[in-house]
Amino acid sequence: MGMTITEKILARAAGKSGVEPGELIMAKVDFCLGNDITAPIAIDEFEKAGFDSVFDSERIALIPDHFTPNKDIKTAQLVKQMREFCKRFGIRHFYDVGRVGVEHALLPEMGLVGPGDVVIGADSHTCTYGALGAFATGVGSTDLAGAMATGEVWFRVPESIKFVIEGGLPPYVTGKDIILYTIGQTGVDGALYQAMEFTGSTVDGLSIESRLTIANMAVEAGAKNGIFAADDTTKAYVFGRFIREPRHVYSDADAAYATTYRWNAGDIPLMVAKPHLPSNTQAAAELNSIRIDQVVIGSCTNGRIEDLRMAAEVLRGQKVHPDVRCIVIPATQAIWQQAMEEGLFGVFLDAEAVVSAPTCGPCLGGHMGILAEGERAVSTTNRNFVGRMGHPGSEVYLAGPYVAAASAVAGHIATPDQVGTRRAAA
Amino acid sequence: MSATTASGGDAAVGGGGATPTGAGAPIQGRAWTFGRDVDTDLIIAARYLNMKTAEELAAHIMEDADPDFPQKVQPGDILVAKENFGCGSSREHAPMAIKGAGIPLVIAKSFARIFYRNAFNTGLPILVAPEAVDGITEGDTVEADLATGVIRNLTTGVTFQADPLPAFMRELVAAGGLLPYLKARVAG
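Fair warning: this is a prediction, and the values are worked out from it, not measured in the lab. (Residues numbered from 1 in each chain as written. Chains lettered and ligands numbered in written order. Predicted model: local features only at pLDDT ≥ 70, side-chain atom pairs only at ≥ 80, totals over all residues.)

1. Considerations on the overall build of chain A
Looking only at helices and strands, one finds 14 helices and 18 strands in chain A. In terms of overall dimensions, chain A has C-alpha extents of about 55 × 55 × 40 Å along its principal axes. Looking at the 426 residues of chain A, the share that counts as buried comes to 62%. (Helix = DSSP H or I, 4+ residues; strand = E, 2+ residues; numbered from the N terminus. Buried ≥ 20, exposed ≤ 12 C-beta atoms within 10 Å, placed from the backbone.)

2. A closer look at the nonpolar core
Residues A:Val295, B:Ala97 and B:Ile107 are the most contacted members of the largest nonpolar core, which totals 210 residues. It is helix H14 (residues 401-410) of chain A that provides the largest number of residues to this core, a total of 8 residues. Beyond its immediate chain neighbours, meaning those up to four positions away, A:Val295 contacts A:Val324, A:Cys326, A:Ile327, A:Ala377, A:Val378, A:Ala404, A:Ser407 and A:Ala408. (Core = buried A, V, L, I, M, F, W, Y, C linked by C-beta atoms within 7 Å. Contact = placed C-beta atoms within 7 Å.)

3. Looking at the interface of chain B and chain A
Opposite the 37 residues of chain B that make contact, chain A presents 43 residues. Classifying every residue of the side of chain B that touches chain A by side-chain character gives 15 nonpolar, 10 polar and 12 charged. (Nonpolar A, V, L, I, M, F, W, Y, C, P; charged D, E, K, R; others polar.)

4. Things to note about the sheet that holds strand S8 (residues 160-166) of chain A
Residues and elements named next belong to chain A. Strand order in the open sheet formed by 4 strands is S10-S9-S8-S11, and the pairing between neighbours is parallel. What marks the edges here is a single partner per strand, and that holds for strand S10 (225-228) and strand S11 (259-264). Geometrically, the sheet is characterised by an average inter-axis angle of 20° between neighbouring strands, direction not taken into account. Against the sheet, helix H1 (residues 5-13) engages S8, strand S9 (195-199) and S10, with an angle of about 105° to S10. (Pairing = 2+ DSSP bridges. Axes fitted to C-alpha atoms, helices over the stretch in contact; angles between N-to-C directions.)

5. Let's talk about helix H12 (residues 333-341) of chain A
Residue and element names in this part refer to chain A. Buried within H12 are the following residues: Ile335, Trp336 and Ala339. Looking straight down H12, one finds its buried side chains confined to an arc of 105°; they lie on one side. Of the exposed residues in H12, those oriented more than 90 degrees away from the buried face are Gln337 and Glu341. For H12, the elements touching its buried residues are helix H4 (103-110), helix H11 (305-315) and helix H13 (344-350). Looking one or two residues past H12, Gly343 carries a phi angle of roughly 85°, positive in sign. (Arc of directions from axis to C-beta.)

6. As for the sheet that holds strand S3 (residues 60-63) of chain A
Residues and elements named next belong to chain A. The parallel open sheet is built from 5 strands, whose spatial order is S4-S3-S2-S5-S6. Two strands in the sheet have a free side with no partner beyond their single neighbour: strand S4 (93-94) and strand S6 (135-138). With 4 bridges joining them, strand S2 (residues 31-35) and strand S5 (residues 118-122) adopt parallel strand pairing. By the bridge assignment for S5, Gly34 is matched with Ala122.

Below, the structure is given as structure tokens:
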């Protein structure tokens, strides 16, 4: 029996010739990370267990991105604890304000994660790196503590589910719409404990940014990881960037899948996930009656340069609706600089949107854009649970950058066509 | 040896039953019932994640589901939920808040995978028992034997069997939690 990409990567990391779904393995990690919410507890546990060394100071990144720039004294203490731990153990992949970005945008951009890797992160959206052909999954702080100390982590080898997506996408439909459509079909636990493998002609044509968006939200279907086979797009992205040698891995023709889903790309509209689950999806064009108070464009899901270009395409020459606050958050310093140099900030400022420093901030109701009771946001982030962005009586509608920007202009959920965006020549 | 815990709160768990197989006496408590997809933002909202002790977090447990829940829940009470309990973020603050509130056990039809890991890694007992969940009403008194997985609804008199623990999870528990397990591996 052949193996899937996920099984091959895990077999290699476990030092085995093969693994099967359901098998429990100890795997060596190529890279591990934590953030300002999870790393402090990992450090506490590391110290409490009496460890006095890290397995490899080059293979650990501690990224203070959630509540930074420090939102309060307690947060400042957490980040200080991370900073001191990294100094003590010579961990140089610690990035403070001015260098930091949203972790799952920053690590691929810096080439710290790449094809064939096993990556664990004490953050559920660590699955983002599957876009590059890595096995990457979220864990808790104690798992991170163990990995920092020993370089090992336990896994139950997941079954794989295959998503075959074929054909051309309708105008403005991107990776975000594909993954919201997918979660709408599977439900929020439709891929529980499983690997989601994405393939097909549509996937072949997707940018790295769209693939990162799709893999990012695999966890919202309950999955352990999302994964894409590396192709020329991947290779071009990691070339000269990835700090290790890429290990390109492909599923065998006779690999076993628990389920195979097939989507026609042409059937996927511009999508929105309504409160309070990412699976509660509906076509954006059917939701014009939903009036909104805030738009957030950013996050580990959609805060990359391509996302900001999409938002600018809609906002160019337009004004944000007078009843709406529109917050644009480039996910890293490099994205920030590129957006500035491309003139996107001029577009956002003319439209009367605000541009923030890189931070997870409002996505998790941390800071920099919290909702009051009864308020509604359209957000390019990944979760719309009760109270996710602020008051438990507020609401979050998830969408991609095109719908978010169009909604900012309209003052209600809208598509680019509905606010008169003229499609740039392809 | 009890499982490694993120911080205090074990004293409230009682009976030494802080490990998922729990060598101690059966756990007995009053049930609080929840639906499916209880996410970690609901268990402990992100606005409290600038704190990291079980006591501080327990003061806000399930607050966005019911603002009075932190006051209503009593040490020894048990959480009972439908599918996908603990979905969402990887925050270990969620099992910490539960333990901090003195809740000795969560029974669910299924658990989201990171929450499942975190529960074992930090020593919060959990049982997967779909039939028991259907057979428990809020306020019922429930008794659970972690060693055998037998769950008794003392209010109705009905007995249920939880799914057995995978062998590896038993090994983790026997070692006293994830970090002692890994430490022994490295030393070995």
